Amino acid sequence: MSFFLNTKIGFFLATRQIKKASFWTTGLIVFVMVLTFLNLVVVSGILVGLIEGSIAAWHNQYTSDIMISNLDTKDYIENSPSIISTLKALPEVQYISARYAKGGTIEANYKTKKETDKPNTASAQIIGINPMAEDQITGLASHVAEGEYLTPTDYDKVLIGQFLLAQYLPVESPGFTTLKNVGVGTKIRMKVNGITREVVVKGILKSKVDNVSMGLYVVDSQVRELIGRQDNNVSQIAVKLKNGADVASVKNQLLLRGIDKQAKVQTYIDAQPKFLKDIIATFAILGNALSSIGLVVASITIFIVIFINALTRRKFIGILKGIGINGKAIEMSYIFQSIFYALLGSGIGLLVVYFALVPLFAAYPIDFPFSDGILVAPLVETLIRVGLLVFATLIAGYIPARMIVRKNTLDSILGRN
Amino acid sequence: MIIVKNLIKSFKDGQTETKVIKGIDLKVENGQFIAIMGRSGAGKSTLLYQMSLLDEPTSGEIIIDGKEAHTMTQDQKTQFRLLNCGYVFQDYALLPELTSLENVVLPLLMQKMDKKVAYAKAKEALEKIKLGHRLKNIPSQLSGGEQQRVSIARAIANHPKILFADEPTANLDNESSKIVMKFFLQLHKEGQTIIMVTHEEQYAKMAEKVIKIDDGKIVSIHSSTN
């Protein structure tokens, strides 16, 4: 009996069964398939989206496209003005922001503190910036949650990251402290390079990038003065490229110019912190594991659905065999039904994902502690998942149909066990 | 011609084995109309199921037109049934989601028949049993008598060598039963071999030969007086 004929008869039977099936039963099966599809795509998509959100925040709020930073042996970049000139001359470069960075301490409530009181201090990275240049690169001004952003003429005024304040991070672990009773307008003491300055908190920064939320931002000219960097050698240069510019190619140009001898030249991907890279790898494994479980659940679901369907139709399967319909054609009819349910479920799932969930998550990201999670569902990967789901469904539909078709014809007709 | 030799069928339930057919020998000539009668549990339907290759005998031989049917594989039996046998069941055994026409055309399509020819033949068979106006109705929209007639149309659409009927009138009222039997007689006149199981004497008498079975054995074979 030819494969083509069995396929034709199987299709004939499947279309009639689907057409005449109860609307509610079909609806329920398709609903389960839609949920299964969403489980496959959305769960891993949110996991990936969580990391994508974190990567995007790290890229947009801290490193920009290329990050040039001091070598491990120095705390500044040699010949920074020359490197900045080189960068400005590159046609792909849109903006740059040079930063001074130096570890220091900050202290609050020092005027009211009794001798026996524990000092209200915290360690912080003091970052000197050109406020306008930094805002062009990282949009830092938009992260001021309270107070105001810095202006180039601000002196003895600082922006403080939220994680340096107890009201935003009420967790104290050994070796890590935050300032208490500090808000906009509070005077604090900043100690850097052995020099202590009293400064006023002009604004509080709220960001999900730790390097921003744990930094104390000061206008660059004041930091330069405090740390004695009259040579204008900075610690970091964040570089934003024009739209469409190739990051790797610009990095290569900088390496060809020998800048790597004076500084670390990294793309925003190279500069990702190790914990982020570890989380990406972990979530990739987790996403695959969840997808695999989703596939198994989908297979079992369709197996049960087809098995119950075939079992309740056992008599009719017996009749079909009795009047001479080949068992393979009957199996084909169940395979077609499984594929129908999988494709319809996936089709509706695709519409839900691309026309509802992706835009929804883009508009209202999930507020995770370290990122604004979006839903990442690349079309090709999603279509691969559809393919996997259809294949798993096909197998899960075939097995129960085969089990019932193999039973004795007369036993099936008479409903005997 | 169907030859049945020393046919035995027994059922096992745990350690208990029940013999339902206890060594039957039978010969049915082409074109004969045979009625198998007997009380409930005598083994008449079981005999029909073995002869029609719907079930596996425990032992014995079934030879149909020289072919040793008892040695065939399941797939070969399915194919043999498709090409040579027609079935009419007590409960009509129609597929509920198919229309009358689709129920009849399905075995024809399975025979690799051209779609147009198959539909034409199916329509012709339904018109022959006066159901030309019910082609697009599904079984639940038909009366019991009409469903049985669709079942007969399905069985005879491709002119099978043998028509097997298991209590075809058992679920029908008198009027519908008479229509069905009248149709069987017409088929018989056209040369159709028919093997029918019935417990209704009035319909058994319409057959050419009546075989009475009791306790798994043939107790009598009578030629009908009709």
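Residues numbered from 1 in each chain as written. Chains lettered and ligands numbered in written order. Predicted model: local features only at pLDDT ≥ 70, side-chain atom pairs only at ≥ 80, totals over all residues.

**Side note on the overall build of chain A**
So, point 1. Each helix and strand counted, chain A has 12 helices and 12 strands in total.
So, point 2. What you see for chain A is a C-alpha radius of gyration of 32 Å, clearly larger than the 22 Å of a compact globule of 417 residues, by over 25%.
So, point 3. The dimensions of chain A, computed from C-alpha atoms along their principal axes, are 100 × 55 × 30 Å.
So, point 4. Of all 417 residues assigned to chain A, the portion counted as buried reaches 43%. (Helix = DSSP H or I, 4+ residues; strand = E, 2+ residues; numbered from the N terminus. Rg over C-alpha atoms; globule rule 2.2 N^0.38 Å. Buried ≥ 20, exposed ≤ 12 C-beta atoms within 10 Å, placed from the backbone.)

**Quick word on the overall build of chain B**
So, point 1. The helix and strand tally for chain B stands at 7 helices and 10 strands.
So, point 2. Taken over C-alpha atoms, the radius of gyration comes to 17 Å for chain B, in line with the 17 Å a tight globule of 226 residues would show.
So, point 3. Overall, the C-alpha framework of chain B stretches about 50 × 40 × 35 Å when taken along its three principal axes.
So, point 4. Here chain B holds 226 residues, and 49% of them are scored as buried.
So, point 5. Long-range contacts, defined as pairs at least 24 residues apart, comprise 66% of the intrachain contacts of chain B with a sequence gap of at least 6. (Contact = placed C-beta atoms within 7 Å.)

**With respect to the packing of helix α10 (residues 327-363) of chain A against helix α11 (residues 379-405) of chain A**
Residue and element names in this part refer to chain A.
So, point 1. Relative to each other, α10 and α11 sit at 150 degrees, their axes nearing to 8 Å. Looking at the two axes, α10 sits roughly antiparallel to α11. As α10 runs across α11, the sense of the crossing is right-handed.
So, point 2. Grouping the amino acids of the contact of α10 with α11 by side-chain chemistry returns 17 nonpolar, 7 polar and 2 charged. (Axes fitted to C-alpha atoms, helices over the stretch in contact; angles between N-to-C directions. Parallel < 35°, antiparallel > 145°, perpendicular 65-115°, else oblique. Left-handed = near helix turned anticlockwise from the far one by under 90°. Nonpolar A, V, L, I, M, F, W, Y, C, P; charged D, E, K, R; others polar.)

**Structural notes on the sheet that holds strand β4 (residues 59-64) of chain B**
Residue and element names in this part refer to chain B.
So, point 1. Reading across from one edge, β2-β1-β4-β5 is the order of the 4 strands in this open sheet, with antiparallel pairing throughout. A strand with exactly one partner marks an edge of an open sheet, and here the two such strands are β2 (16-28) and β5 (67-68).
So, point 2. Bridge count for strand β1 (residues 2-13) against β2 is 10 bridges, and the pairing is antiparallel. By the bridge assignment, L7 is partnered in β2 with I24. (Pairing = 2+ DSSP bridges.)

**Overview of helix α6 (residues 174-189) of chain B**
Owing to its 3.6 residues per turn, the α-helix aligns residues three or four sequence positions apart on the same side.
Residue and element names in this part refer to chain B.
So, point 1. An ideal rise of 1.5 Å per residue puts 22 Å on 16 residues; α6 measures up with 22 Å between its terminal C-alpha atoms.
So, point 2. Restricting attention to buried positions, one finds in α6 the residues S177, V180, M181, F184 and L187. Buried residues of α6, seen end-on, are gathered within an arc of 115 degrees and therefore sit on one face of the element. Among the exposed residues of α6, those oriented more than 90 degrees off its buried face are E175, K182, Q186 and K189. (Expected span 1.5 Å × (residues − 1). Arc of directions from axis to C-beta.)

**Some points on the interface of chain B and chain A**
So, point 1. In this complex, chain B contributes 19 residues to the contact, which on the side of chain A involves 19 residues.
So, point 2. Of all the elements in the fold, those that place two or more residues in the side of chain B that touches chain A are α2 (74-84) and α3 (100-110) of chain B.
So, point 3. Ranked by residues supplied to the side of chain B that touches chain A, first place goes to α3 of chain B with 5 residues.
So, point 4. Residue classes in the side of chain B that touches chain A are distributed as 11 nonpolar, 2 polar and 6 charged.

**Describing the packing of helix α2 (residues 23-63) of chain A against helix α8 (residues 274-312) of chain A**
All names here are of chain A.
So, point 1. Two elements in contact, α2 and α8, have axes separated by 9 Å at closest approach and are oriented at 175 degrees. Taken together, the axis directions place α2 and α8 in an arrangement best described as roughly antiparallel.
So, point 2. Here the contact of α2 with α8 is built from residues that sort into 19 nonpolar, 8 polar and no charged.

**Some thoughts on the pairing of strand β3 (residues 120-129) of chain A**
Residues and elements named next belong to chain A.
So, point 1. Of all the 10 residues making up β3, 7 are buried; the element is thus mostly covered by neighbouring parts of the structure.
So, point 2. Pairing geometry for strand β2 (residues 93-108) and β3, over 9 bridges, is antiparallel. Counted as the bridge partner of G103 is Q125 from β3.

**Examining the UniProt feature "transmembrane region" (unreviewed entry) in chain A**
Residues and elements named next belong to chain A.
So, point 1. Using the residue numbers shown here, the UniProt feature "transmembrane region" (unreviewed entry) corresponds to residues 21-51, 289-311, 339-362 and 382-401.
So, point 2. Here residues 21-51 runs as 94% helix and 0% strand, with 44 Å between its end C-alpha atoms.
So, point 3. As a span, residues 289-311 carries 100% helix and 0% strand, and end to end its C-alpha atoms are 32 Å apart. (UniProt positions renumbered as here; feature names shortened; annotations may be inferred.)

**Quick notes on the sheet that holds strand β9 (residues 209-214) of chain B**
Strand pairing in a sheet relies on backbone hydrogen bonds, with the paired strands running either antiparallel or parallel.
All names here are of chain B.
So, point 1. Reading across from one edge, β6-β7-β8-β3-β9-β10 is the order of the 6 strands in this open sheet, with mixed pairing throughout. Lying at the two open borders of the sheet, with one neighbouring strand each, are β6 (85-88) and β10 (217-223). On average, each strand axis in the sheet is tilted by 15 degrees relative to the strand beside it, whichever way the strands run.
So, point 2. Direction of pairing for strand β7 (residues 162-166) relative to strand β8 (residues 193-197): parallel, over a ladder of 5 bridges. Note on β8: the bridge partner recorded for F164 is I195.
So, point 3. Strand contacts of helix α5 (residues 144-156): β6 and β7, with the helix running at about 175 degrees to β6, the strand carrying the most contacts.
So, point 4. Running at roughly 150 degrees to β8, α6 makes contact with β3 (33-37), β7 and β8 of the sheet.

**Focus: unusual backbone geometry**
So, point 1. Despite not being glycine, S64 of chain A has its phi angle at roughly 60 degrees, a positive value.
So, point 2. Tracing the chain through its elements places S64 of chain A in the loop between α2 and β1 (66-70).
So, point 3. Its identity as a non-glycine residue notwithstanding, K112 of chain B has a phi of 65 degrees, on the positive side.
So, point 4. Among the structural elements, K112 of chain B can be located in the loop between α3 and α4 (115-128).

**Here we look at the domain arrangement of chain A**
So, point 1. Each domain of chain A was delimited in the assignment, giving domain 1 (3-59 + 276-414) and domain 2 (65-267).
So, point 2. The straight-line distance from the C-alpha centre of domain 1 of chain A to that of domain 2 of chain A is 51 Å. (Domains from an automatic or database assignment.)

**Structural notes on the environment of R16 of chain A**
So, point 1. You can see R16 of chain A is positioned in helix α1 (residues 3-20).
So, point 2. Among the residues examined, R16 of chain A registers 19 C-beta atoms within 10 Å and is labelled partly exposed.
So, point 3. C-alpha of R16 of chain A to C-alpha of S333 of chain A: the two residues are 317 residues apart in sequence and 9.7 Å apart in space.
So, point 4. For R16 of chain A, the residues in contact, after removing those within four places along its chain, are E97, L98 and E102 of chain B.

**Quick look at the pairing of β10 of chain B**
Residue and element names in this part refer to chain B.
So, point 1. Strand direction decides the pairing type here: β9 and β10, joined by 6 bridges, are antiparallel. Following the sheet pairing, K209 is matched in β10 by S223.
So, point 2. Taken together, β9 and the strand that follows it, β10, pair antiparallel across an intervening segment of 2 residues, in which D215 is found at a positive phi of about 50 degrees.

**Regarding the confidence of the model for chain B**
So, point 1. Overall, the predicted model of chain B reaches an average pLDDT of 91, with 99% of residues at or above 70.
So, point 2. Across the whole predicted complex the pTM is 0.75, and at the interface the ipTM reaches 0.89. (pLDDT = per-residue confidence, 0-100.)

**Things to note about α3 of chain B**
So, point 1. Most of α3 of chain B sits inside the fold, with 11 of its 11 residues counted as buried.
So, point 2. Considered for burial, the residues of α3 of chain B that qualify are S100, L101, E102, N103, V104, V105, L106, P107, L108, L109 and M110 of chain B.
So, point 3. Tucked inside the fold, the buried residues of α3 of chain B contact α1 and α10 of chain A together with α2, α4 and α5 of chain B.
So, point 4. Where α3 of chain B terminates, the next one or two residues include K112 of chain B, which has phi positive at roughly 65 degrees.

**Topic: the nonpolar core**
So, point 1. Core analysis: the largest hydrophobic core is formed by 125 residues, its most contacted members being I34, I36, A153 and I195 of chain B.
So, point 2. Counting residues in hydrophobic clusters, the runner-up holds 58 residues, among them Y62, V182, L205 and V218 of chain A. (Core = buried A, V, L, I, M, F, W, Y, C linked by C-beta atoms within 7 Å.)

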